[in-house]
Amino acid sequence: MKIQQLSSRQIYLIIFLAVGGLIGYAAYSIKILGLEPCPLCITQQFFYSIVGITAFIAFNHNPVAIISRFYAAIIFLASAAGIWVAGRQVWLQSLPEDEVPLCGPPLEYILEVFPFGDLLSALFIGDGNCAEISWQFLGLSMAGWSCIWFTLFLFLSILLVLRSEEHTSELQSHLNL
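Values in this document were obtained by computation on a predicted structure and should not be read as measured data.

Asker: Please clarify how the packing of aromatic side chains should be interpreted in this entry.
Answerer: Two descriptors summarise a pair of aromatic rings, namely the distance from one centre to the other and the angle between the planes of the rings. Applying the stated criterion across every chain yields a total of seven aromatic pairs. Judged by centre distance (4.1 Å) and plane angle (10 degrees), the rings of Tyr48 and Phe150 are stacked. Here Tyr48 is found in helix 2 (residues 39–61), whereas its partner Phe150 is found in helix 6 (residues 142–176), with 102 residues between them in sequence. Both residues of the pair, Tyr48 and Phe150, belong to the buried class. Across from the ring centre of Phe59, 4.4 Å away, lies the NZ or CZ of Arg9, which sits over that ring.

This is how it looks when you write it as structure tokens:
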């Protein structure tokens, strides 16, 4: 089956299920494999949640074209932000050891002691903890795979917008007859 044959609703379901699998694997890697998520990993999980929740709502809502574009725009923006965060982590992981930023305190400590701005900085900029590669699959770190998944969701959101424009133009041509 080609992607062009899928309905918008089916694409939203695919996005939702993929995000569910990714979040599920993140939970597995934390609880079972014992990996500690760094601040950038937590931020990526947040953007995955936005993508997944939006896709779930869109799937259940089965919206008209204009509302579908709104849902697709949310998925696009969250995916773009996720690409930036995952890309930053890949960049940190590629730095020579002497150029890696110093490791900061745990997020719980930052949340309790420091102002909210410092927490946001840790979540979006990262620190030396984010440069550690503790898991790889086919030569890519988890951040590298995250970048690929966010890119896929970004392209699917563009496809959803294009599909909703096609349906809008078809509806307008039927109304003009």
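Asker: Help me understand a nonpolar patch on the surface, please; the structure alone is not making it clear to me.
Answerer: On the surface, Phe76, Leu77, Phe155, Ile158 and Leu162 cluster together to form a nonpolar patch covering roughly 480 Å² of accessible area. Taken together, the elements giving at least two residues each to the nonpolar patch come down to helix 3 (65–94) and helix 6. It is helix 6 that provides the largest number of residues to the nonpolar patch, a total of three residues. Residue classification places Phe155 among the exposed positions, given a relative accessible area of 54%.

Reading the values: rules and limits
- Residues numbered from 1 in each chain as written.
- Predicted model: local features only at pLDDT ≥ 70, side-chain atom pairs only at ≥ 80, totals over all residues.
- Heavy atoms only, no water.
- Phe/Tyr/Trp six-rings, centres within 6.5 Å; stacked < 30°, edge-to-face > 60°.
- Helix = DSSP H or I, 4+ residues; strand = E, 2+ residues; numbered from the N terminus.
- Buried < 20%, exposed > 50% of the residue type's maximum accessible area, 1.4 Å probe, protein only.
- Lys NZ or Arg CZ within 6 Å of the ring centre and 35° of its normal.
- Patch = residues over 30% accessible without salt bridge, like charges linked within 9 Å, V, L, I, M, F, W, Y side chains within 5 Å.
- Areas by Shrake-Rupley, 256 points an atom, 1.4 Å probe, with all protein chains shown as cover.
- Salt bridge = Lys/Arg side-chain N within 4 Å of Asp/Glu carboxyl O.

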